[in-house]
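# Tertiary structure, described
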Amino acid sequence: MTKSDKEIIKLFERVTKKDPRITVKYFSSIFGFFNYYSTSAMGTFLRLAKDPDDERTYNALVDALKILDESLIDYSNLTMQDVVDAYAEYNLYKKNISRSQLSVLANLSDGSLSKILNNSNPNAKPNAYAIDVYEILRLDLIPSYKLDYNFTNTLQNYRQIRNLIFRVRLGDGSNVLSNAELANKLNFDVDLFNNPEKICKDARIYNEIANALYRLLPNYSFDFSKRKDQDTTYMGLI
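Residues numbered from 1 in each chain as written. Predicted model: local features only at pLDDT ≥ 70, side-chain atom pairs only at ≥ 80, totals over all residues. Heavy atoms only, no water.

### Focus: the environment of proline 143
For proline 143, the location among the structural elements is in the loop between helix H8 (128-138) and helix H9 (155-170). For the pair proline 143 and leucine 105, spaced 38 residues apart in sequence, the C-alpha to C-alpha distance is 9.2 Å. Among all residues touching proline 143, those that are not within four sequence positions of it are Leu105, Asn150, Phe151, Asn153 and Thr154. (Helix = DSSP H or I, 4+ residues; strand = E, 2+ residues; numbered from the N terminus. Contact = heavy atoms within 4.5 Å.)

### What about the packing of H8 against H9?
Direction vectors running N to C along H8 and H9 enclose 90°, while the axes themselves pass 10 Å from each other. With respect to their mutual orientation, H8 and H9 come out roughly perpendicular. Contacts between H8 and H9 pair Asp132, Glu135 and Ile136 from the former with Leu155, Tyr158 and Arg159 from the latter. Residue classes in the contact of H8 with H9 are distributed as three nonpolar, no polar and three charged. (Axes fitted to C-alpha atoms, helices over the stretch in contact; angles between N-to-C directions. Parallel < 35°, antiparallel > 145°, perpendicular 65-115°, else oblique. Nonpolar A, V, L, I, M, F, W, Y, C, P; charged D, E, K, R; others polar.)

### Considerations on a nonpolar patch on the surface
Residues Tyr145, Tyr149 and Phe151 make up a contiguous nonpolar surface patch of about 410 Å² in total accessible area. Structurally, tyrosine 145 can be placed in the loop between H8 and H9. (Patch = residues over 30% accessible without salt bridge, like charges linked within 9 Å, V, L, I, M, F, W, Y side chains within 5 Å. Areas by Shrake-Rupley, 256 points an atom, 1.4 Å probe, with all protein chains shown as cover. Salt bridge = Lys/Arg side-chain N within 4 Å of Asp/Glu carboxyl O.)

### Here's the deal with the layout of surface pockets
Space inside the second largest pocket adds up to approximately 250 Å³. Forming the boundary of the second largest pocket are Lys95, Asn96, Ile97, Gln101, Leu105, Ile142, Pro143, Ser144, Tyr145 and Lys146. (1 Å grid on protein atoms, 1.4 Å probe; cavity = no way out; pocket = protein on both sides within 12 Å on 5 of 7 lines; lining within 4 Å. Points joined across faces, edges and corners; volume = space filled by probe spheres on them.)

### Some details on the environment of serine 29
Note that serine 29 resides in helix H2 (residues 24-31). A residue is classified by how much of its surface remains accessible, and serine 29, at 6% relative accessible area, is buried. Residues serine 29 and arginine 167 lie 138 residues apart in sequence; the distance between their C-alpha atoms is 9.8 Å. (Buried < 20%, exposed > 50% of the residue type's maximum accessible area, 1.4 Å probe, protein only.)

### Overview of H9
Since one α-helical turn is 3.6 residues long, residues separated by three or four positions face the same way. The end-to-end C-alpha distance of H9, which contains 16 residues, comes to 23 Å, matching closely the 22 Å that a straight helix rising 1.5 Å per residue would cover. Burial runs high along H9: 14 of the 16 residues are buried. Note on H9: the residue one or two positions beyond its end, glycine 171, has a positive phi of about 60°. (Expected span 1.5 Å × (residues − 1).)

### Quick look at unusual backbone geometry
In the Ramachandran plot, asparagine 107 falls in the positive-phi region, its phi being about 60° despite a non-glycine side chain. Note on placement: asparagine 107 falls in the loop between helix H6 (99-105) and helix H7 (110-117). In this structure, aspartate 140 is a non-glycine residue whose phi angle is positive, near 55°. Looking at the secondary structure, you find aspartate 140 in the loop between H8 and H9.

Take it as geometry only, folks, not as evidence of what the structure does.
Right under this line is the structure:
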């Protein structure tokens, strides 16, 4: 096993520890890799059980993982008590939100949300749904229909614009951009790319940045696999 191989393993483990919602399938969807490899095949790449068709494949995977590693919020130390506290603090310091409203925004049933907020083991590690709830509250991804243009302020839109930024930063697979370089290219404040939840607060800014990112989005500069006639850009808006 080469040094580069070990780097992929460590990066993937670190990324999934930071955010356990990042699965092989989700990773592939963010960067459009599913156009080239099945989920099982991509899993063997990330765990180094299979050689790549092209050496540049590994380079692109490493760069993609580095983008996630440096950009994702670290939830590795999050507990169920943190989720409960986030809900209490949001209602205390920001605005009241009912459990029914929160369950809709998190795409959960009322019963499922109650299990999260009434968990009997406060030190337990939260599952993906509980992390979603925490993220909604901490990033204030709750639309206010009293404000104009605030309807993009949801978890779903946050993921879409964040993942699109990740994909555009990877570029053609050979030329990776930093957030600062991307912001400079598009003439936006870099703080928006460092904290994409801020983009969601105003639909006008959200649409402007999304359109600019799509215009900048290139094809990959090489074939990842023998699959032909596939779209070589994106679509992982999940």
